[in-house]
Amino acid sequence: MTFIFNKLRFSSVRWFVLPIVCSAAVGLALACESDPHATLAITPTPDAGSDAPVVGPSQLDLPDQPILGLPRDLVDLFDEGDNLFELPLRDGDGLGPLYTQRSCASCHTEGARGPGFVQKMVVVEADGLTPAADQSKLPFGFTVHPLVAGGGKTPVLPPPNDPTVKVTTRVGPPVMARGYMEAVADAEILRVEAEQRARTDGIHGVANWVIYGSETTADARFHGLKKGDRVIGRFGLKARVPSLDDFTADALQGDMGITSPLRPAEIANPDGLTDDAKPGVDVPMSSVHLRAMYLRLLAIPPRPKPDAAAVALFAKSKCDVCHTPSLQARADYPIAAIAGKPAPLYTDMLLHDMGDALADSLPTTDGSATWRQWRTAPLVGLRFNRTFMHDGRSKSVREAIRAHDGRGSEAAESVRIYDALSPADQKLVDDFVAAL
Ligand code: HEC
Ligand code: HEC
């Protein structure tokens, strides 16, 4: 019952029938009542800005709606991917030997932020910041894997009471609008990089060049990448992964201990296991693709018409240099609803030096990103965030802006300009950003 209801709830086309289904079918009535989303009102049509994607007659104000007006076959793929994204996996599915959470949705609930997270650990020098040359205390890498399943016995945890080991958190980021991020052409990212290189104020974003780490597949619908190719990374907080199939396979393997044709090996573990309770590769390619299609088809939640004064202040404060209001999706991206359209993501997809305060001190584990660099966070669906910044340290947009101001941060001048605004103008910026 819940399964059927979920499918109804996530479909942009079929929500029209919801009230009828709920009241007419006695069996379903219970499920409808017990689901919090059944009582959500349909929001009135927002007046989208010129750059915003086309918004239909009305849309549920939820973070995980499909792009409006998709053809039926794509809505079906979205629903199937959504169900897999939510599905908790068990030992018999190939969970483990190491894992962190059982489903994608535990860390990206409804496509929004968290509550699940990943922890990283690294041996640092006495300054508490610089990564130490000797990382041999961490033989199983920099990622904490707190749980075991499928025969695994020994989790990977930070060494206890060791002040030389710095532990940092990465909260599962929102995954809305990531199809638009996949669709931006490399040339567009490099164009913005070149523009920033010419600046004289120290804001110099750089593309993260990474080595494609998944196995090569015959399926070249979204990209024709081959293992070992040097490409621009886009996904992950430091843009270390170039495509959504690749990221999905990486998350299945790294966060859930689920192997797939793209990432067929279990991650190295203290028990030396090379397999788990399910022999061989745990899930087929279709399982990776469907989850990736859900990510690609997630809409940009409708935005109110931007206040012209707020937009001007966002630009005056130089927020828009890194949080580029819009990029262009390439014309040959395989999803027509995205191809050739503006991608109003409020990110340049580039890495910036954000200074000491935000630094995670990790040696270059994320492609070419250094321990002080982060990819400009896309500002999409921020009203669904309860916390901000990679580790959730900020509880409001204003706190997030202040957190940009660490020693050596490329954004320090931007924060200074924002701080010099009148309280009323600061509030205009805060409200504008919070509604994106
Ligand atoms: C244990 C928590 C956790 C689980 C489970 C998890 N993720 Fe994530 N996810 C994260 C974190 C943390 C990041 C940021 C990772 C990084 O910076 O490398 C992330 C990043 C992502 C991104 C990139 C978003 C961006 O802004 O570039 C995508 C896409 C994604 N996850 C999809 C998935 C999918 C699909 C699954 C299930 C197969 C999944 N995740 C399971 C925590 C999780
Ligand atoms: C030099 C580039 C740069 C400038 C300038 C900049 N930002 Fe950011 N912004 C980033 C990066 C990089 C992150 C991600 C940092 C992290 O997660 O630790 C970020 C994160 C954010 C977040 C948190 C988003 C989330 O999902 O948690 C908000 C909100 C934000 N910026 C707003 C602003 C505003 C408003 C301004 C102008 C006052 C601004 N930024 C200026 C680069 C920049």
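Up top is the structure.
Since the structure is predicted, the reported quantities are computational estimates derived from the model, not experimental observations.

## Focus on the overall build of the chain
Argument step 1. When helices and strands are counted, the chain shows 13 helices and ten strands.
Argument step 2. Counting every position in the chain, which comprises 436 residues, the buried fraction comes to 54%.
Argument step 3. Taking as baseline every contact in the chain between residues at least 6 positions apart, the subset at least 24 positions apart corresponds to 68%.
Argument step 4. Total accessible area on the chain stands at roughly 18,400 Å², and carbon and sulfur atoms take up 60% of it.

## Considering the pattern of salt bridges
Argument step 1. Applying the stated rule across the entire model yields 26 salt bridges.
Argument step 2. One salt-bridge network, in which partners are shared between bridges, spans Arg170, Lys238, Arg240, Asp246, Asp250, Arg263, Asp360 and Asp366.

## Quick notes on the coordination of the iron atom of ligand 1
Argument step 1. Coordination of the iron atom of ligand 1 by the protein comes from a single atom, His108 (NE2), at 2.1 Å.
Argument step 2. Secondary-structure assignment places His108 in the loop between strand E1 (98-99) and strand E2 (117-123).

## A word on the site of ligand 2
Argument step 1. Contacts to ligand 2 come from 25 residues, most closely from Cys319, Cys322, His323, His390 and His404.
Argument step 2. Here Met389 contributes a backbone N or O atom positioned 2.6 Å from an oxygen atom of ligand 2.
Argument step 3. Taken atom by atom, the bulk of ligand 2 overlaps the largest cavity.
Argument step 4. Of all elements in the fold, only helix H10 (319-322), strand E10 (373-375) and helix H11 (397-402) reach the threshold of two or more residues within the shell around ligand 2.

## Here we look at the nonpolar core
Argument step 1. By size, the foremost hydrophobic cluster in this structure holds 60 residues, and its most contacted members are Tyr180, Ile335, Ile338 and Leu345.
Argument step 2. Looking at this core element by element, the count peaks at seven residues for helix H8 (residues 285-297).
Argument step 3. Setting aside chain neighbours within four positions, we find Ile338 in contact with Ile67, Gly179, Tyr180, Ala183, Arg296, Ala329 and Tyr333.
Argument step 4. Counting residues in hydrophobic clusters, the runner-up holds 25 residues, among them Met354, Met389, Tyr418 and Val429.

## Some points on the packing of aromatic side chains
Argument step 1. For the coordinates displayed, the defined rule picks out six aromatic pairs.
Argument step 2. Relative to Tyr294, the ring of Phe78 has its centre 5.0 Å away and its plane inclined at 45°; by these criteria the two rings are tilted. Taken together, the residues span a long stretch of sequence, with Phe78 in helix H4 (residues 72-86) and Tyr294 in helix H8 at a distance of 216 residues.
Argument step 3. For Phe78, a relative accessible area of 0% corresponds to the buried category.
Argument step 4. In textbook terms, an aromatic cluster arises when at least three aromatic residues are bridged by ring pairs, as seen for Phe78, Phe85 and Tyr294.
Argument step 5. Seen from the ring of Trp374, Lys238 lies directly overhead, with NZ or CZ sitting 4.4 Å from the centre.

## What about the side chain of Ser106?
Argument step 1. With respect to the secondary-structure elements, Ser106 resides in the loop between E1 and E2.
Argument step 2. Judged by relative accessible area, Ser106 falls into the buried class, the value being 19%.
Argument step 3. Within polar-contact distance, the side chain of Ser106 engages the backbone oxygen of Ser103 at 2.8 Å.
Argument step 4. In this structure, Ser106 is in contact with Gln101, Gly114, Pro115 and Gly116, ignoring residues within four places of it in sequence.

## Some words on unusual backbone geometry
Backbone phi values are negative for most residues with the exception of glycine, while trans is the configuration of most peptide bonds.
Argument step 1. Going from Gly96 to Pro97, the amide bond is cis rather than trans, its omega being 5°.
Argument step 2. Relative to the assigned elements, Pro97 resides in the loop between H4 and E1.
Argument step 3. Geometrically, the link from Gly114 to Pro115 is a cis peptide bond, its omega value of 0° lying close to zero.
Argument step 4. Note that Pro115 resides in the loop between E1 and E2.

## Things to note about the side chain of Arg170
Argument step 1. Within the secondary structure layout, Arg170 lies in strand E4 (residues 165-171).
Argument step 2. Judged by its relative accessible area of 9%, Arg170 falls in the buried class.
Argument step 3. In this structure the side chain of Arg170 is engaged in a polar contact, spanning 3.2 Å, whose partner is the side chain of Asp360.
Argument step 4. Among residues more than four places away in sequence, those in contact with Arg170 are Phe117, Val118, Lys120, Leu237, Lys238, Asp360, Leu362, Asp366, Trp374 and His390.

## Topic: empty space enclosed by the protein
Argument step 1. Tallied over the full model, the rule gives two cavities of 30 Å³ or more.
Argument step 2. Put simply, the largest cavity is a space of about 700 Å³.
Argument step 3. Lining of the largest cavity is provided by 36 residues; of these, His323, Ala377, Leu379, Met389 and His404 occupy positions nearest its centre.
Argument step 4. Those elements giving two or more residues to the lining of the largest cavity turn out to be H10, E10, H11 and helix H12 (412-419).
Argument step 5. Among the residues forming the lining of the largest cavity, the class breakdown is 25 nonpolar, seven polar and four charged.

## Considering the site of ligand 1
Argument step 1. Around ligand 1 there are 27 residues in total, and Cys104, Cys107, His108, Gly236 and Arg375 lie nearest to it.
Argument step 2. A distance of 2.8 Å separates an oxygen atom of ligand 1 from a polar side-chain atom of Arg178.
Argument step 3. Residue Arg240 places a side-chain N or O atom 2.9 Å away from an oxygen atom belonging to ligand 1.
Argument step 4. Among the elements of the structure, E2 and helix H7 (244-256) are those that each provide at least two residues to the shell around ligand 1.
Argument step 5. With seven residues, H7 is the single largest residue contributor to the shell around ligand 1.
Argument step 6. Partitioned by chemical class, the residues of the shell around ligand 1 number 15 nonpolar, seven polar and five charged.

Conventions adopted
- Residues numbered from 1 in each chain as written.
- Chains lettered and ligands numbered in written order.
- Predicted model: local features only at pLDDT ≥ 70, side-chain atom pairs only at ≥ 80, totals over all residues.
- Heavy atoms only, no water.
- Helix = DSSP H or I, 4+ residues; strand = E, 2+ residues; numbered from the N terminus.
- Buried < 20%, exposed > 50% of the residue type's maximum accessible area, 1.4 Å probe, protein only.
- Contact = heavy atoms within 4.5 Å.
- Areas by Shrake-Rupley, 256 points an atom, 1.4 Å probe, with all protein chains shown as cover.
- Salt bridge = Lys/Arg side-chain N within 4 Å of Asp/Glu carboxyl O.
- Donors = N, O, S within 2.8 Å, 3.2 Å for Na, K, Ca; no water.
- Near = heavy atom within 4 Å.
- Polar contact = N/O pair within 3.5 Å; in protein donor to acceptor, adjacent residues only side chain to side chain.
- 1 Å grid on protein atoms, 1.4 Å probe; cavity = no way out; pocket = protein on both sides within 12 Å on 5 of 7 lines; lining within 4 Å.
- Sits in = over half its atoms within 2 Å of the grid points.
- Core = buried A, V, L, I, M, F, W, Y, C linked by side-chain atoms within 4.5 Å.
- Phe/Tyr/Trp six-rings, centres within 6.5 Å; stacked < 30°, edge-to-face > 60°.
- Lys NZ or Arg CZ within 6 Å of the ring centre and 35° of its normal.
- Points joined across faces, edges and corners; volume = space filled by probe spheres on them.
- Nonpolar A, V, L, I, M, F, W, Y, C, P; charged D, E, K, R; others polar.

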